[in-house]
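# Residue-level structure breakdown
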Amino acid sequence: MTVSCRAPGKLFIAGEYAVVEPGHLAVLTAVDRYATATVTAAEPGDGITLHSDLNGGVTLSCGRHGDELSPTSDAVVPASLSYVFAAVSVVHRLLLERAVPVSGFRLSVTADLGDADGRKFGLGSSAAVTVATVAALGQHFDLGLDSMDRYRLALLATIAVNPRASGGDVAVSTWGGWLAYRSPDRAQVAASLARDGVDATLRSPWPGLSVRPLPTPTELTLQVGWTGNPASTPALVAGLDGDRTTFRAHSNECVERLVAAIEADDAHAVRIEIDSARALLVDLDTISGLGIMTPRLRALCDAGAAVGAAAKPSGAGGGDCGIALIERTRPAAIAELTGRWLTAGIRPLPLRTHLAEGDPR
Ligand SMILES: Nc1ncnc2c1ncn2[C@@H]1O[C@H](COP(=O)(O)OP(=O)(O)O)[C@@H](O)[C@H]1O
Ligand SMILES: C[C@@](O)(CCOP(=O)(O)OP(=O)(O)O)CC(=O)O
């Protein structure tokens, strides 16, 4: 028996950086690029084997030591398998808590979230890989996990690797479509995990967390441009020291208005709030000197302004992708936008929204 599950990548629409603080709001959308996790039962005696297609192929054998999963022999977990290993470890602990017999398996993960040369676009490969792994193991062991369980397990795995991660990417990779997300207090969640275990933490309150599916805008199309430069999100987030209360408050107000505009399918209001979100990021960048706005991201936004699209960096900035929202009824302006991006060395990515289950659009 083989089980295969895929999970989509993501783009931040607004709320980056603010959403790192528990209870703060972001809007994200899932895109039609995926990570896929495949689980097959192992031959008797073969234990647990993890495999990723990254870097030409990486394999790790794992075994149980006490209640923990760890690499067999003295191997360390390679960075390319850190999220997969963390996800398997969390599910493994849940299996032990539920007294489910842990028979051996081979888990293999692939992703198409970068280009053919293996360069990542910043479409949330770590979250997609983590969510796909949890989903595939949940099915393999018949754990009866719903979306909230899968999100929570994937977030527990994610913060084991990167404690500051907001989990917005994990949420949108779980639910798909457009999503309004408020991040939970990850320190409290981690404390609950250490104190009460996985199963109890799945059922406990997660202060700050809220997840709300949004309708996909009908009048606007999302254009995505890749700067060609990969960025390091943890390094950028770590640089965000000092008191950012004002930025976060303004961001929250802006994203709340954006959510209302998306729910009303009001294209004009959506564009206004995207412009405000960009202005807030530009101010944050100026005050903090983080390097969010690279010359190419600035060019990407300037091209948007020149054709009447609302454009901004997506995610931590410093490279990766930017987005532009523009009315579907303006094909000439869309063509001009992509032409300007190409001239500025920005590669348009032909991405579409990965719709949430049951979304009629
Ligand atoms: N195909 C894959 N197989 C296994 N793990 C992957 C794969 N793609 C990405 N990852 C994990 O995600 C990490 C990259 O995460 P990150 O740098 O945050 O990029 P992103 O912005 O795409 O999430 C990798 O180091 C690896 O641990
Ligand atoms: C700064 C952030 O709010 C947004 C970062 O978004 P990116 O899209 O840059 O993320 P990855 O590419 O997946 O690392 C940090 C966070 O929310 O954790």
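Residues numbered from 1 in each chain as written. Chains lettered and ligands numbered in written order. Predicted model: local features only at pLDDT ≥ 70, side-chain atom pairs only at ≥ 80, totals over all residues. Heavy atoms only, no water.

### Here's the deal with the overall build of the chain
A tally of helices and strands in the chain yields 11 helices and 12 strands. A compact globule built from 361 residues would reach a C-alpha radius of gyration of about 21 Å, and the chain, at 20 Å, matches this within 12%. Across its three principal axes, the chain shows a C-alpha extent of roughly 65 × 40 × 40 Å. For the chain, the proportion of its 361 residues judged to be buried stands at 53%. Long-range contacts, defined as pairs at least 24 residues apart, comprise 74% of the intrachain contacts of the chain with a sequence gap of at least 6. Looking at the chain as shown, the accessible area adds up to about 14900 Å², and 52% of this sits on carbon and sulfur atoms. (Helix = DSSP H or I, 4+ residues; strand = E, 2+ residues; numbered from the N terminus. Rg over C-alpha atoms; globule rule 2.2 N^0.38 Å. Buried < 20%, exposed > 50% of the residue type's maximum accessible area, 1.4 Å probe, protein only. Contact = heavy atoms within 4.5 Å. Areas by Shrake-Rupley, 256 points an atom, 1.4 Å probe, with all protein chains shown as cover.)

### Section: the pattern of salt bridges
Within the structure shown, the criterion is met by 14 salt bridges. Measuring nitrogen to oxygen at the nearest pair gives 4.0 Å for the salt bridge that ties D320 to K120. With a gap of 200 residues between them, D320 in the loop between β10 (310-313) and β11 (321-327) and K120 in the loop between β6 (105-111) and α2 (125-140) connect regions that are remote in the sequence. A salt bridge links E336 to R340; the nearest nitrogen and oxygen atoms lie 3.0 Å apart. Pair noted here: E336 and R340 are both in helix α11 (residues 331-343), with a separation of 4 residues, about one helical turn. Since its relative accessible area comes to 38%, E336 is described here as partly exposed. Here R340 falls in the partly exposed class, since its relative accessible area comes to 38%. One network of salt bridges, in which partners are shared, links R98, D199 and R203. (Salt bridge = Lys/Arg side-chain N within 4 Å of Asp/Glu carboxyl O.)

### Quick look at the packing of aromatic side chains
Under the definition given, this model contains 5 aromatic pairs. Measuring from centroid to centroid gives 4.6 Å for F121 and W226, while their planes differ by 70 degrees, and the two rings are edge-to-face. Taken together, the residues F121 in the loop between β6 and α2 and W226 in strand β9 (residues 220-226) connect sequence positions 105 residues apart. You can call F121 buried: its relative accessible area is 0%. With 6.1 Å between their ring centres and 75 degrees between their planes, Y151 and Y181 make a pair best called edge-to-face. Taken together, the positions of Y151 in helix α3 (residues 147-161) and Y181 in strand β7 (residues 178-182) put the pair 30 residues apart, joining distant regions of the chain. Put simply, the rings of Y151, W175, Y181 and W206 touch in pairs and so form one group of aromatic residues. The ring of Y34 has R6 lying over it, and the distance from NZ or CZ to the ring centre is 3.7 Å. (Phe/Tyr/Trp six-rings, centres within 6.5 Å; stacked < 30°, edge-to-face > 60°. Lys NZ or Arg CZ within 6 Å of the ring centre and 35° of its normal.)

### What to know about the pairing of strand β3 (residues 48-52)
Every other side chain in a regular strand lies on the same face of the sheet, so the side chains alternate between the two faces. Taken across its 5 residues, β3 has 5 buried, putting it largely inside the fold. A two-sided burial pattern is seen for β3, the buried positions comprising I48, L50 and S52 on one face and T49 and H51 on the other. Hairpin connection between β3 and strand β4 (residues 58-65): a loop of 5 residues separates the two successive antiparallel strands, and N55 in this loop has a positive phi of roughly 50 degrees. In terms of strand pairing, β3 meets β6 through 5 bridges, oriented parallel. Across the sheet, L50 pairs through a bridge with L107, a residue of β6. (Pairing = 2+ DSSP bridges.)

### Comments concerning the site of ligand 1
With respect to spatial proximity, 17 residues lie near ligand 1, and among them S52, D53, A79, S125 and S126 are the closest. Contacts to ligand 1 include S80, whose backbone N or O atom sits 3.1 Å from a nitrogen atom. For ligand 1, whose unbound accessible area comes to 570 Å², protein coverage reaches 81%. In terms of residue class, the shell around ligand 1 is made up of 7 nonpolar, 8 polar and 2 charged. (Near = heavy atom within 4 Å. Polar contact = N/O pair within 3.5 Å; in protein donor to acceptor, adjacent residues only side chain to side chain. Nonpolar A, V, L, I, M, F, W, Y, C, P; charged D, E, K, R; others polar.)

### Quick word on the UniProt feature "domain: GHMP kinase C-terminal" (unreviewed entry) in the chain
Per the UniProt record, "domain: GHMP kinase C-terminal" (unreviewed entry) is found at residues 261-335. Helix makes up 57% of residues 261-335 and strand 15%, whereas the separation of the span's terminal C-alpha atoms amounts to 26 Å. (UniProt positions renumbered as here; feature names shortened; annotations may be inferred.)

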